[in-house]
Amino acid sequence: MIDLNFLHPYPRYGVAAALVEQEEISFDDLTTWERVAELAWKAIDRALLHYTLYTTNDPAQETTKFLEFDYLDEKILDPGKKSGQTAANGYYLSPYIITTDGSSAATVAEARAIRDLLKTATQDDLQKTLKLKRSFAPLTSKINNGRSSMAEPKATLLEAAFTVVATLTECKPAAQVAAGKGMANTTIIPDLPLIEDEYTPLIDFVQLFFDMRVKKGDAFRVIVEPKDRKFKRPPLFRGNYPNAPRDGSLGAISLVVAIGAWAREGGTFKHKLNDGTFQNESRWEYARQILTYLQERPLYVLSYEEVRQESYGHHLVGMAIEQDLASIVRAAHRSFPFGIEKPDDPKYKLYKRFFERFLLQFDHPSFRDFMAARNEYSFELEPIFNLFMQDQYQLSTELIASARAYGQSLNSAAYITARAEQQEDIKNKRRERQLSEYKNRILVQFESTILSAKTPTALLSQMGIIIGRLTGREMDSEATLFMETAAGWPIEKLSLAQELITAFMRLSSYRPKSDLSSGASDSNAETVETVDNPANDEMPN
């Protein structure tokens, strides 16, 4: 078996994708260089069959209700204005092809030329060099090598071949996302070894993605709007895997979320072994293994326009498998910082960036940056707050639950006070504002009091007086453990008390009726009947 681990992560990914896509060639079959060449050219052959998405439906016709997309046969593949295969005519470069419309024709030409070379290539041929052009190698750029003019770098035919495969394969996470002043097909390439001891981490990852990826169906169908009868890209461009972010972003978090959701579906899937045979494996166990492979490893998020690197820690492995991380991320994206209403606001984008960095790093500095954006968060974020407090401060689950009850008492008091102020404005015929505006203002006042306290005891005393005066109520009895514990903390732990209270106070006291009927606390029942479920909010596009 020929060792290809020496390849750069990008062409190395091409090797793994080629092995997963072709059932007739297994990892153990790679015993000769001619067999390696065959693996590459067959992978390019298959990829060109999935290069362009097109539709024969005409949106200009009033009878057309849908645009149904399919792949264009490679025999007639000829991107460009001359053939009419352009976006204006309903021909789109598939979102996982990492090139541009302007370079598309060159990408196809180079892929075909390299495929033809591979069909007769020997070991010596595979070591011959050729120019590594950006049309099929998006990570390269021209260099001068001490000369007066710029020139493309060179690579072996072997490296170029699997670079082409990596650029074209559908077996990689991808979406068309904002890049610079426009949009760019973007992918995630993990830096994993093909083989490590008795394991094959990169091949195993690609196998999971191949099973998880979006197949034909709604993702290939566009509803034609009667007032806007134009060709439009199908939903596949928002991500070629389930639970892809709806906001046009792509990164480590979205990938981990998708793998976790795939695992939580349960059941088994067919895992291709090195010898070409298949074995049924538990999705849950397999996904945990893949997420463990990926932790602390570089994940390259790249397009024709740019490249960046991300990574995540072990905390996300358990979180993705055991929690509904997809719902948590969606809930966080629905939460707008106080005073911000539109998703294109730079402050909202900054808040999202801080949230994702908090999930990736899960440390104290990233948590503080995340909390710097003043929001009221959906109750669905509670699991990550609980896990963070356990991980960073080694607090017991009982104390964290009690702190949550304390914070919920404050949030509920803010709601009750806001509701009363709103009704007072209506009664006196003053300008009525949204309930959330009243509540947010009160939460900001609470936070100011919390942060100005000089000792943990003073903090608890001041908040108790304020809540009693505003609502005529005492704190939730479940908050007793936290209050007794925090009252005994030295002044050095004041910041901990402030962080716990502020974080849990910002979690909405809303609870679905199903939660209450299953035994959850009903101390905030006022909010259940009157506050809209944030899960029904429209998500930013």
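Above: the structure in question.
So, here is what we can say about the structure in this document. As the structure is a computational prediction, the values presented were derived from the model and not from experiment. (Residues numbered from 1 in each chain as written. Predicted model: local features only at pLDDT ≥ 70, side-chain atom pairs only at ≥ 80, totals over all residues. Heavy atoms only, no water.)

In terms of helices and strands, the chain carries 20 helices and 12 strands. Taken along its principal axes, the extent of the C-alpha atoms in the chain is 85 × 60 × 55 Å. Considering the chain as a whole, with its 541 residues, one finds that 52% of them fall into the buried category. A fraction of 70% describes how many contacts in the chain between residues 6 or more apart in sequence connect residues 24 or more apart. When the accessible surface of the chain is split by element, carbon and sulfur atoms take 48% of a total near 25,000 Å². Averaging the positions of the 64 positive and the 74 negative side-chain charges in the chain gives two centres separated by 7 Å. (Helix = DSSP H or I, 4+ residues; strand = E, 2+ residues; numbered from the N terminus. Buried < 20%, exposed > 50% of the residue type's maximum accessible area, 1.4 Å probe, protein only. Contact = heavy atoms within 4.5 Å. Areas by Shrake-Rupley, 256 points an atom, 1.4 Å probe, with all protein chains shown as cover. Lys, Arg positive; Asp, Glu negative; His and termini not counted. Charge placed at Lys NZ, Arg CZ, Asp CG, Glu CD.)

The next subject is the packing of aromatic side chains. In the structure shown here, the tally under the stated rule is 27 aromatic pairs. Ring geometry for phenylalanine 358 and phenylalanine 370: centres 5.4 Å apart, planes at 5°, overall stacked. Here phenylalanine 370 lies in helix H12 (residues 364-371) and phenylalanine 358 lies in helix H11 (residues 346-361), a separation of 12 residues in the sequence. Phenylalanine 370 shares its class with phenylalanine 358; the two are buried. (Phe/Tyr/Trp six-rings, centres within 6.5 Å; stacked < 30°, edge-to-face > 60°.)

Where H11 contacts H12, the axes come no closer than 8 Å and their chain directions differ by 155°. Between H11 and H12, the angle falls in the class roughly antiparallel. Considering how the two elements wind past one another, H11 and H12 form a crossing that is left-handed. Mapping the contact onto sequence places Tyr351, Phe354, Phe355, Arg357, Phe358 and Gln361 in H11 and Ser366, Phe367, Asp369 and Phe370 in H12. Split by residue class, the contact of H11 with H12 holds six nonpolar, two polar and two charged. (Axes fitted to C-alpha atoms, helices over the stretch in contact; angles between N-to-C directions. Parallel < 35°, antiparallel > 145°, perpendicular 65-115°, else oblique. Left-handed = near helix turned anticlockwise from the far one by under 90°. Nonpolar A, V, L, I, M, F, W, Y, C, P; charged D, E, K, R; others polar.)

Tallying each qualifying case throughout the model produces two cavities of 30 Å³ or more. Considering only enclosed or pocket space, the largest cavity measures out at about 60 Å³ in volume. Around the largest cavity, the lining residues are Leu19, Val20, Ser26, Phe27, Ile203, Gln207, Lys272, Leu273 and Asn274. Put simply, the parts of the chain that give the lining of the largest cavity at least two residues each are helix H1 (9-21) and helix H6 (201-212). Residues belonging to the lining of the largest cavity are distributed by class as follows: five nonpolar, three polar and one charged. In this structure, the second largest cavity encloses a volume near 40 Å³. Taken together, the residues that form the lining of the second largest cavity break down as four nonpolar, one polar and two charged. (1 Å grid on protein atoms, 1.4 Å probe; cavity = no way out; pocket = protein on both sides within 12 Å on 5 of 7 lines; lining within 4 Å. Points joined across faces, edges and corners; volume = space filled by probe spheres on them.)

Strand order in the open sheet formed by four strands is E6-E7-E11-E12, and the pairing between neighbours is antiparallel. Each edge of the sheet is formed by a strand with only one pairing partner; in this case those strands are strand E6 (174-179) and strand E12 (307-310). On average, each strand axis in the sheet is tilted by 30° relative to the strand beside it, whichever way the strands run. The pairing of strand E11 (residues 299-303) with E12 spans four bridges and is classified as antiparallel. Along E12, the bridge assignment pairs tyrosine 300 with glutamine 309. (Pairing = 2+ DSSP bridges.)

In this section: the pairing of strand E9 (residues 268-272). Where E9 and strand E10 (residues 278-282) come together, five bridges link them in antiparallel fashion. Note on E10: the bridge partner recorded for phenylalanine 269 is glutamate 281. As consecutive antiparallel partners, E9 and E10 are separated by five residues, and within that stretch glycine 276 has a phi angle of approximately 95°, a positive value.

The next subject is the packing of helix H9 (residues 315-322) against H11. In the contact formed by H9 and H11, the axes pass within 8 Å of each other and the chain directions differ by 105°. Overall, the two elements H9 and H11 adopt an arrangement that is roughly perpendicular. Where H9 abuts H11, its residues His315, Leu316 and Met319 lie against Leu359, Leu360 and Gln361.

With respect to topology, four strands assemble into an open sheet ordered E3-E1-E2-E8, the strand pairing being antiparallel. Only two strands of the sheet have a single neighbouring strand rather than two, namely strand E3 (91-93) and strand E8 (221-223). Within this sheet the neighbouring strands show an average axis-to-axis angle of 25°, counted without direction.

Even without being a glycine, asparagine 243 presents a positive backbone phi close to 60°. Considering the arrangement of structural elements, one finds asparagine 243 in the loop between E8 and helix H7 (252-264). The phi torsion at glutamine 394 lies on the positive side, around 50°, for a residue other than glycine. Among the structural elements, glutamine 394 can be located in the loop between helix H13 (382-393) and helix H14 (397-427).

What the rule picks out here adds up to 32 salt bridges. Linking aspartate 45 and arginine 115 is a salt bridge whose minimum nitrogen-to-oxygen distance equals 2.6 Å. Linking aspartate 45 in helix H2 (residues 33-48) with arginine 115 in helix H3 (residues 104-118), this pair joins segments that are 70 residues apart in sequence. Where arginine 357 meets aspartate 369, a salt bridge forms, and the shortest distance between an N and an O atom there is 2.1 Å. Taken together, the residues span a long stretch of sequence, with arginine 357 in helix H11 and aspartate 369 in helix H12 at a distance of 12 residues. Under the relative-accessibility criterion, arginine 357 is labelled partly exposed at 30%. (Salt bridge = Lys/Arg side-chain N within 4 Å of Asp/Glu carboxyl O.)

Checked against the element boundaries, serine 135 lands in the loop between strand E4 (129-131) and strand E5 (154-156). Looking at serine 135, the relative accessible area reads 8%, which means it is buried.

A separate point is the environment of phenylalanine 69. As for its placement among the helices and strands, phenylalanine 69 is situated in strand E2 (residues 66-71). Apart from residues no more than four positions distant in its own chain, phenylalanine 69 is found in contact with Leu53, Tyr54, Thr55, Gly90, Tyr92, Phe220, Val222, Lys232 and Pro234.

We now examine the side chain of asparagine 375. Along the chain, the position of asparagine 375 falls in the loop between H12 and H13. In this structure asparagine 375 comes out as buried when scored by relative accessible area, which is 0%. Residue contacts for asparagine 375: discarding those within four places in its chain leaves Ser335, Phe336, Pro337, Phe338, Tyr351 and Arg506.

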